[in-house]
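# Structural characterization, general
Each chain is listed here by its residues.
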Amino acid sequence: MKKESAGSHFTGREKSENNGFKFELKDEIGVFRVVEGDNQLSINLENSSGQQFKVNSLLLPGYEFVSKEILQRQGEEVDEDRETYVRHGKKQVVIDTVELRKEEWQYLLSILHEIGHLARQKEKSKDVKRLDQLTEKQPAIWQDPELFAEMLKLQSEDERDSWAFAIRQLRKMAREFNPELKKVFPDLKSFRDYVDGNLVSGYKKPYREIINSGLTGEYRKELLDALEDLYTRGD
Ligand SMILES: [Zn+2]
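Residues numbered from 1 in each chain as written. Predicted model: local features only at pLDDT ≥ 70, side-chain atom pairs only at ≥ 80, totals over all residues.

Bringing helix H6 (residues 188–202) into the picture now. For H6, with 15 residues, the first-to-last C-alpha span of 21 Å sits near the 21 Å given by 1.5 Å per residue. Regarding H6, the residues found buried are Tyr194, Val195, Asn198 and Gly202. Around the axis of H6, the buried residues are gathered within 95° of arc, so they sit on the same side. Seen from the buried face of H6, the exposed residues on the opposite side, beyond 90 degrees, are Lys189, Gly197 and Val200. (Helix = DSSP H or I, 4+ residues; strand = E, 2+ residues; numbered from the N terminus. Expected span 1.5 Å × (residues − 1). Buried ≥ 20, exposed ≤ 12 C-beta atoms within 10 Å, placed from the backbone. Arc of directions from axis to C-beta.)

Per-residue pLDDT for the protein chain averages 88, and the proportion of residues at 70 or more is 91%. In the predicted structure, residues 1–17 sits below a pLDDT of 50 and forms 10 contacts with residues beyond four places in sequence or in another chain. (pLDDT = per-residue confidence, 0-100. Contact = placed C-beta atoms within 7 Å.)

Because side chains alternate across strand S5 (residues 64–67), one face comprises the buried residues Phe65 and Ser67, and the other comprises Glu64 and Val66, none of which is buried. Strand direction decides the pairing type here: S5 and strand S7 (residues 92–95), joined by 4 bridges, are parallel. Paired with Phe65 across the strands is Val93, a residue of S7. (Pairing = 2+ DSSP bridges.)

Glancing now at the packing of helix H5 (residues 145–176) against helix H8 (residues 217–232). Helix packing for two helices is described by the angle between their axes and how far apart those axes are. At a closest axis distance of 10 Å, the pairing of H5 and H8 adopts a crossing angle of 15°. Taken together, H5 and H8 sit at an angle that is classed as roughly parallel. At the point where H5 passes H8, the crossing takes the right-handed sense. Contact residues: Pro145, Phe148, Ala149, Leu152, Lys153 and Ser156 in H5; Tyr219, Leu223, Ala226, Leu227, Leu230 and Tyr231 in H8. Residues that form the contact of H5 with H8 fall into these classes: 10 nonpolar, 1 polar and 1 charged. (Axes fitted to C-alpha atoms, helices over the stretch in contact; angles between N-to-C directions. Parallel < 35°, antiparallel > 145°, perpendicular 65-115°, else oblique. Left-handed = near helix turned anticlockwise from the far one by under 90°. Nonpolar A, V, L, I, M, F, W, Y, C, P; charged D, E, K, R; others polar.)

A separate point is the environment of Glu64. Relative to the assigned elements, Glu64 resides in strand S5. Taking C-alpha positions, Glu64 is 7.4 Å from Leu41, a pair spaced 23 residues apart along the chain. In contact with Glu64, other than residues within four places in its own chain, are Gln40, Lys91 and Gln92.

Attention now moves to H8. For H8, which comprises 16 residues, the first-to-last C-alpha distance of 23 Å matches the rise-based estimate of 22 Å (1.5 Å per residue) to within 8%. Buried residues of H8: Leu223, Leu227 and Tyr231, and no others. What you see down the axis of H8 is that its buried residues fit within an arc of 55°, all on one side. Those residues of H8 that are exposed and angled more than 90 degrees off the buried face are Glu218, Lys221, Asp225, Asp229 and Thr232. Residues of H8 that are buried make contact with H5, H6 and helix H7 (204–212).

Below, the discussion takes up the pairing of strand S3 (residues 40–46). Only one face of S3 is covered, namely the face carrying Leu41, Ile43 and Leu45; the face carrying Gln40, Ser42, Asn44 and Glu46 is uncovered. Two elements, strand S2 (residues 31–37) and S3, share 7 bridges in a ladder whose sense is antiparallel. For Val34, the partnering residue across the bridge sits in S3 and is Ile43. Between the end of S2 and the start of S3, which pair antiparallel, lie 2 residues, with Asp38 showing a positive phi angle near 60°. Bridge count between S3 and strand S4 (residues 52–54): 3 bridges; the pairing is antiparallel. Paired with Leu45 across the bridge in S4 is Phe53. In this structure, the hairpin formed by S3 and S4 is closed by a connection of 5 residues, where Gly50 is found at a positive phi of approximately 80°.

What follows is about the nonpolar core. Ranked by size, the top nonpolar core spans 29 residues in total, and within it Ile43, Ile95, Leu108, Leu109, Ile111, Leu112 and Leu170 carry the most contacts. Counting only elements with at least two residues in this core, the list comes to S2, S3, strand S6 (85–87), S7, helix H3 (107–123), H5 and H6. When residues in this core are grouped by element, the largest group, 6 residues, is from H3. Apart from residues lying up to four places away in sequence, Leu170 is in contact with Leu108, Leu109, Leu112 and Leu181. Counting residues in hydrophobic clusters, the runner-up holds 8 residues, among them Phe148, Tyr203, Leu223 and Leu227. (Core = buried A, V, L, I, M, F, W, Y, C linked by C-beta atoms within 7 Å.)

Printed below as a string of structure tokens:
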């Protein structure tokens, strides 16, 4: 069998399924496999007894995993501010294959984090509905200091809650499917470092929104300070 090269290269022409993205990691933790087929990704885990866990089964009905490369090939827009994210209108969770190769097992937590966003959407709590409402009002909302601040606060809560969901889900999988998964984040500090790093990168998008908002002066500074607080301080 042909050995896969480290990056996945797309030439723009149609590729057959076997030439699509493939990531396979086999080590003492188990097997972590991400395979492209039919313009979507299948994410599968395997434990030492050969038992499979289909991560796709955690998605909401109708949702699929895609990569940025798949989107680009289809001429769809890619959000460069974000590494891994949900496209709600399209029912897609976008996987960053570069991050996946870099972070390997730890990237699983980022995938579960996006599933956390979906779980919150499904619950449709008051806060989630409000956040959706405010998000839809962009960019007009940028001119309204109070509403803008409210949106940023709800966004930050959405992030933190989805990380908490991801950590609970990974622990559940370690209990019920593969105890070796505990090695991915051996202690609380390693969880925290990973989440904090991602919160900081999640901050890029709202930061850009403020910069692009046209707001100036003291209020803009206040908002940027508040944003930094929301995204960098642990709770
Ligand atoms: Zn998030």
